[in-house]
Amino acid sequence: MIKIFTDHPLRDLNSFHVEERADQIIEFDRREDLDEIFAEADAPAKWYVLGGGNNILFTRRYEGTLLHPAGQQIRIIDDCSESSVLVEAEAGTDWDRFVEWCVEHELWGAENLSLIPGTVGAAPVQNIGAYGAEAKDVIHRVHYFDVEQRRHLTLLNAECHFAYRDSIFKGELRGRVVITSVEFKLSRTPQPNLGYGDLKREVESRGEATLRNIRDAVCAIRRSKLPNTAVQGNAGSFFKNPIVDKAIAEQLKAANENMPLYPAADPTKSKLAAGWLIDQAGLKGYRSGCVGVHDRQALVLVNHGSATGKEVVALAEYVQQRVLEKFGIGIEAEVNIL
Ligand code: EPU
């Protein structure tokens with residue numbers, strides 16, 4: 001079913017809770033609805049996909065159409081192998097509901113990604129990740145509507161060009177596709193991924209490395225470090241962890257012994273912790289008017305009340321400048337700024 005809303009307030013549709021409006025929102029729950037939406041003479045000229053609104057910052061009125069996928073079915077599509085199961089979830093499914101569903105069905109692979117806010121359709125776009133796992137580790141195929149070709153198409157995992165917080169959907173397919181569902185390959189065989197030290201400790205305090213204990217441990221860590229968007233507007237990590245040449249990372253490490261440093265997919269590079277850099281620049285808990293840097297995780301910018309998107313952007317630029325001055329490292333926004 002297609003529902004159309006005009007001149008619609010966005011405050012409750014973005015996790016930063018900024019007050020902007022959109023000319024139009026079209027909510028749909030079947031992939032065939034997209035044929036109808038884009039076939040008509042008045043097919044939207046300017047559009048953007050709004051999932052859970054968890055990784056977006058509106059800085060002005062959206063003068064176009066926000067497409068909101070509402071389908072939330074989860075189904076097993078291939079249960080024939082002894083070791084793995086293929087599951088398809090529609091784009092509008094709440095990500096954490098999907099993870100809970102996997103845990104209830106004793107399927108391994110998504111548990112470290114518990115409590116990440118957002119929808120299943122958004123997961124492949126920025127290849128969501130946490131605690132040593134990424135969505136790409138479980139995504140099998142992505143089904144989408146190609147707006148230019150007006151066709152329903154599918155990409156296999158290897159065709160999605162997944163990388164740290166990146167995919168083809170942020171690259172060459174940006175602004176061209178609407179993801180309608182994602183197929184996941186999950187394991188029946190236990191595969192605990194406890195490489196992340198804090199997680200291992202938190203799981204051990206609960207007993208065995210069961211799916212339930214891992215999910216509960218991840219939820220507990222996230223709740224202790226990250227602000228609840230229902231209480232304090234935010235979009236999770238505002239910045240990506242920067243990936244820099246190994247030589248630069250090692251120079252910084254020599255000058256800052258306790259600086260966290262992670263390997264990157266490219267062996268000539270290293271990944272730094274943007275949260276640590278911002279923290280060391282003295283900005284953790286910093287506040288300017290209605291916007292601020294979270295006091296437990298400096299990677300998260302928060303709305304303390306009635307901030308506008310422009311105020312958040314001004315704070316982000318200030319943070320970027322301070323980190324650049326102190327460490328010579330540029331940090332990039334992870335959040336989509338509209
Ligand atoms: N750190 C500080 N101060 C801070 C924040 C972090 O010193 O204010 C240090 C930590 O002590 C640690 C290192 O920086 O040594 C990394 O911190 P953390 O483990 O909290 O992870 P992160 O790199 O800051 C990433 C993801 C998070 C995800 C965590 C856990 C990105 C952009 N962020 O954060 O994802 O939950 O790892 O795996 O990659 C999100 O995307 O919204 C998100 C919260």
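Above: the structure in question.
Since the structure is predicted, the reported quantities are computational estimates derived from the model, not experimental observations.

Draft legend 1. Here's a closer look at the side chain of Gln126. By the secondary structure assignment, Gln126 is in the loop between helix H2 (95-104) and strand S8 (129-130). Exposure remark for Gln126: the relative accessible area of 11% places this residue in the buried category. Setting aside its immediate chain neighbours within four residues, Gln126 contacts Asn55, Arg165, Asp166, Lys170 and Glu334.

Draft legend 2. Spatial organisation of the packing of H2 against helix H4 (residues 211-225). Look at H2 against H4: their axes get within 9 Å of each other, and the N-to-C directions meet at 155°. By the angle between their axes, H2 is roughly antiparallel relative to H4. In the packing of H2 onto H4, the handedness of the crossing is left-handed. Residues Asp96, Val99, Glu100, Cys102, Val103 and Glu104 of H2 lie in contact with H4, whose contacting residues are Leu211, Arg212 and Arg215. Split into classes, the residues belonging to the contact of H2 with H4 amount to four nonpolar, no polar and five charged.

Draft legend 3. Inspection of the nonpolar core at higher detail. In terms of nonpolar packing, the biggest core is built from 46 residues, with Trp95, Phe98, Phe169 and Phe184 touching the most fellow members. For this core, the secondary structure elements donating two or more residues are strand S7 (84-90), H2, strand S10 (139-146), strand S11 (151-156), strand S12 (177-187), helix H3 (197-204) and H4. If one sorts the elements of this core by residue count, H2 sits on top with six residues. Setting aside anything within four residues of it in sequence, one finds Trp95 in contact with Leu113, Ile116, Gly118, Thr119, Val120, Ala123, Ile128 and Phe184. Ala281, Leu315, Val319 and Phe327 belong to the second largest nonpolar core, which has 42 residues in total.

Draft legend 4. Up close: the site of the ligand. Close contacts around the ligand come from 24 residues, with Tyr131, Tyr164, Arg165, Tyr196 and Asp279 the closest. With respect to the ligand, the side chain of Asn241 contributes an N or O atom lying 2.9 Å from an oxygen atom. Measuring from a nitrogen atom of the ligand, one finds a side-chain N or O atom of Asp279 at 2.8 Å. Look at the ligand: alone it shows 820 Å² of surface, and the protein chains cover 81% of it. For the shell around the ligand, the secondary structure elements donating two or more residues are S8, H4, strand S13 (233-237) and helix H6 (274-280). Looking at which element gives the most residues to the shell around the ligand, the answer is H6, with three residues.

Reading the values: the criteria
- Residues numbered from 1 in each chain as written.
- Predicted model: local features only at pLDDT ≥ 70, side-chain atom pairs only at ≥ 80, totals over all residues.
- Heavy atoms only, no water.
- Helix = DSSP H or I, 4+ residues; strand = E, 2+ residues; numbered from the N terminus.
- Buried < 20%, exposed > 50% of the residue type's maximum accessible area, 1.4 Å probe, protein only.
- Contact = heavy atoms within 4.5 Å.
- Axes fitted to C-alpha atoms, helices over the stretch in contact; angles between N-to-C directions.
- Parallel < 35°, antiparallel > 145°, perpendicular 65-115°, else oblique.
- Left-handed = near helix turned anticlockwise from the far one by under 90°.
- Nonpolar A, V, L, I, M, F, W, Y, C, P; charged D, E, K, R; others polar.
- Core = buried A, V, L, I, M, F, W, Y, C linked by side-chain atoms within 4.5 Å.
- Near = heavy atom within 4 Å.
- Polar contact = N/O pair within 3.5 Å; in protein donor to acceptor, adjacent residues only side chain to side chain.
- Areas by Shrake-Rupley, 256 points an atom, 1.4 Å probe, with all protein chains shown as cover.

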